[in-house]
Amino acid sequence: MEEVLVRIGKRLYKRRKEMRLTQEKMAELLEMSASFYRAIERGRKHISIEKILLVYERTGLSPDYLLAGEDLSDKAVMEVLKNCPEEKQPALEQVLADLTALLARTAEKE
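Please read these numbers as outputs of a predicted model, since none were measured by experiment.

Engineer: It is not clear to me how the packing of aromatic side chains should be interpreted in this structure. Could you clarify?
Structural biologist: The geometry of two aromatic rings is summed up by the distance between their centres and the angle between their planes. Evaluation of the coordinates by the stated rule reveals zero aromatic pairs. Here Arg-11 stacks its cationic end above the ring of Tyr-65, 5.8 Å away from the centre of that ring.

This is how it looks when you write it as structure tokens:
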């Protein structure tokens, strides 16, 4: 899990640099303390689903890229669902449904 958190932190770092923001400004943009943001960027803290969605809304960094390092196609999403343990599929489906709804709302605002 630690390796995953480090990769997420590196993706956030890269996006922050692309946006030419300091860690403090990025933390402010994402409505968290600078120390907590720094810990996420270093891979020492978990980022919540709510903050992942806020990252997308405020920076354009897609949740699939942030979490997996690539943009997932519908086929890839179906593969993830297929490989997900049966008892965890309802939770995964709910997360995907929530992300889809959020993306639709975001698109409506633009």
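Now that the structure is up, let's keep going.
Engineer: Can you help me understand the side chain of Thr-59 in this one?
Structural biologist: With respect to the secondary-structure elements, Thr-59 resides in helix α4 (residues 49–59). One polar contact links the side chain of Thr-59 to the main-chain amide nitrogen of Leu-61, over a distance of 3.2 Å. Apart from the residues within four sequence positions on either side, Thr-59 is in contact with Arg-15, Met-19, Met-26, Leu-29 and Leu-54.

Engineer: Can you walk me through the packing of helix α1 (residues 2–18) against helix α3 (residues 34–41) in this structure?
Structural biologist: In helix packing, the relevant descriptors are the interaxial angle and the interaxial distance, both defined with respect to the helix axes. Running from amino to carboxyl end, α1 crosses α3 at an angle of 115°, the nearest separation of the two axes being 7 Å. Between α1, through Leu-5, Gly-9, Lys-10, Leu-12, Tyr-13 and Arg-16, and α3, the contact on the second element is made entirely by Tyr-37, Ile-40 and Glu-41. Its residues placed into classes, the contact of α1 with α3 shows five nonpolar, one polar and three charged.

Engineer: Help me understand unusual backbone geometry in this model?
Structural biologist: In most cases, non-glycine residues show a negative phi, while peptide bonds are predominantly trans. For Arg-20, which is not glycine, the phi torsion reads 55° and is therefore positive. In this structure, Arg-20 sits in the loop between α1 and α2 (23–29). Residue class for Arg-20 comes out exposed when judged on its relative accessible area of 78%. If you check the backbone angles, Glu-31 has positive phi at about 55° while not being a glycine.

Engineer: Please clarify how the pattern of salt bridges should be interpreted in this entry.
Structural biologist: One side chain can pair with another of opposite charge once the charged atoms of both are near each other. Scanning all chains against the criterion turns up five salt bridges. The salt bridge involving Arg-7 is made with Glu-3; its shortest N-O contact spans 3.3 Å. Note that Arg-7 and Glu-3 are positioned in helix α1 at a spacing of four residues, about one turn of the helix. On the accessibility criterion, Glu-3 (55% relative accessible area) is exposed. We note a salt bridge from Arg-38 to Glu-24, for which the minimum N-O separation is 3.1 Å. In this pair, Arg-38 is assigned in helix α3 and Glu-24 in helix α2, connecting sequence segments 14 residues apart. Given the relative accessible area of 45%, Glu-24 is considered partly exposed.

Rules of the game
- Residues numbered from 1 in each chain as written.
- Predicted model: local features only at pLDDT ≥ 70, side-chain atom pairs only at ≥ 80, totals over all residues.
- Heavy atoms only, no water.
- Phe/Tyr/Trp six-rings, centres within 6.5 Å; stacked < 30°, edge-to-face > 60°.
- Lys NZ or Arg CZ within 6 Å of the ring centre and 35° of its normal.
- Helix = DSSP H or I, 4+ residues; strand = E, 2+ residues; numbered from the N terminus.
- Polar contact = N/O pair within 3.5 Å; in protein donor to acceptor, adjacent residues only side chain to side chain.
- Contact = heavy atoms within 4.5 Å.
- Axes fitted to C-alpha atoms, helices over the stretch in contact; angles between N-to-C directions.
- Nonpolar A, V, L, I, M, F, W, Y, C, P; charged D, E, K, R; others polar.
- Buried < 20%, exposed > 50% of the residue type's maximum accessible area, 1.4 Å probe, protein only.
- Salt bridge = Lys/Arg side-chain N within 4 Å of Asp/Glu carboxyl O.

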